[in-house]
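# An overview of the molecular structure
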Amino acid sequence: MKQMMDIQEFAVEILGLKEKTAVEYLKEKGAMEPVKKRTKLFSEGVKPEYVILNVEGVFRGYFINEEDCEGTDCLVNTPGSSLMPGFDLDAPAPASVEALTAGCVFKLRLSDFKELVKGSPAVGELYRNEVQRAGQYHLDKSRVISGCTAKMKYQWFLKTHPGMENRIPDRHIAAFLRMSPVTLSQIKRRLREKNEQEK
């Protein structure tokens, strides 16, 4: 079994945090936690108690729509990315977040995170950058979903979520891209055939 990354390595190598006092604070207050497939990290409507970052694995954010069906809002597999369900940390979660694969997360109590941000300019900057990145991700996704063909949507997904297509079921990718699993299957088949012809 692969050895779990320690907090020091995660903070410095993945988050790029160089501030020693902040790293020590994360080591003292935070925790690395393995997660099983289908573990729910946040539940829609429930106020988060922790700030959670991806260390390893694939996670999805989803909500229940007016027709009582699940809508996949985001897919995350990049180490260091926030797994928070919304931008307002004090509000009830606007979506649920679950693990689509076994993996590992870094957890820090929300109260401890707020305390750290007050005293650490570096962590405050990391947080602002992550909020900006997440906002841009959702803006780009909305533009692609609303204005592109099904093929273009899938090609965008391959570019922005490298390697994820081989790690999770097609139904989650199809739901995320707002297309049917049948349509996704057809697109993947055509792309495979094209690649084989070009060899």
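Criteria and thresholds
Residues numbered from 1 in each chain as written. Predicted model: local features only at pLDDT ≥ 70, side-chain atom pairs only at ≥ 80, totals over all residues. Heavy atoms only, no water. Core = buried A, V, L, I, M, F, W, Y, C linked by side-chain atoms within 4.5 Å. Buried < 20%, exposed > 50% of the residue type's maximum accessible area, 1.4 Å probe, protein only. Contact = heavy atoms within 4.5 Å. Helix = DSSP H or I, 4+ residues; strand = E, 2+ residues; numbered from the N terminus. Expected span 1.5 Å × (residues − 1). Arc of directions from axis to C-beta. Salt bridge = Lys/Arg side-chain N within 4 Å of Asp/Glu carboxyl O. Phe/Tyr/Trp six-rings, centres within 6.5 Å; stacked < 30°, edge-to-face > 60°. Lys NZ or Arg CZ within 6 Å of the ring centre and 35° of its normal.

Moving on: the nonpolar core. If you look at the biggest cluster of nonpolar residues, it comprises 52 residues, and the most contacted ones within it are Leu26, Leu41, Phe106, Tyr154, Phe157 and Leu177. With near-sequence residues (within four places) excluded, Phe106 lies in contact with Ile7, Phe10, Leu26, Gly30, Ala31, Met32, Val51, Ile52, Leu53 and Val55.

We now examine the side chain of Lys141. Assignment of secondary structure puts Lys141 in helix α4 (residues 121-147). Not counting residues within four places of it along the chain, the set of residues in contact with Lys141 comprises Asp73, Trp156, Phe176 and Arg178.

Looking now at helix α7 (residues 181-198). Over its 18 residues, α7 runs 26 Å from end to end, which matches the ideal 26 Å to within 8%, given 1.5 Å per residue. All of the buried residues along α7 are Leu184, Ile187, Lys188 and Leu191. Along α7, the residues classed as buried sweep out an arc of 95 degrees about the axis, all on the same side. Turned more than 90 degrees off the buried face of α7, the exposed positions are Val182, Glu196 and Gln197. Along its buried surface, α7 packs onto α5 (150-160) and α6 (170-176).

The next subject is the pattern of salt bridges. Under the defined criterion, the tally for this structure stands at eight salt bridges. Residue Lys188 pairs with Asp170 through a salt bridge whose shortest N-O separation is 2.9 Å. Placement of Lys188 in helix α7 and of Asp170 in helix α6 is noted, with a sequence separation of 18 residues between them. In this structure, Arg189 and Glu193 form a salt bridge, with 3.7 Å as the shortest nitrogen-oxygen distance.

Attention now moves to the packing of aromatic side chains. Counted according to the given criterion, the structure contains five aromatic pairs. Between Phe113 and Tyr127, the aromatic rings sit 5.4 Å apart at their centres with planes inclined by 70 degrees, giving edge-to-face as the arrangement. Here Phe113, found in helix α3 (residues 110-119), pairs with Tyr127, found in helix α4; they are 14 residues apart in sequence, far enough to count as distant. Ring pairs connect the aromatic residues Tyr154, Trp156, Phe157 and Phe176, which therefore count as one cluster. The positively charged end of Arg60 is found above the aromatic ring belonging to Tyr62, 4.1 Å away from the centroid. Above the face of the Tyr50 ring, Lys107 is positioned so that its terminal group lies 4.2 Å from the ring centre.

This part covers unusual backbone geometry. Here the phi dihedral of Arg38 falls at roughly 75 degrees; this positive angle occurs in a residue that is not glycine. Residue position: Arg38 is located in the loop between β1 (31-35) and β2 (40-42). You can call Arg38 exposed: its relative accessible area is 62%.

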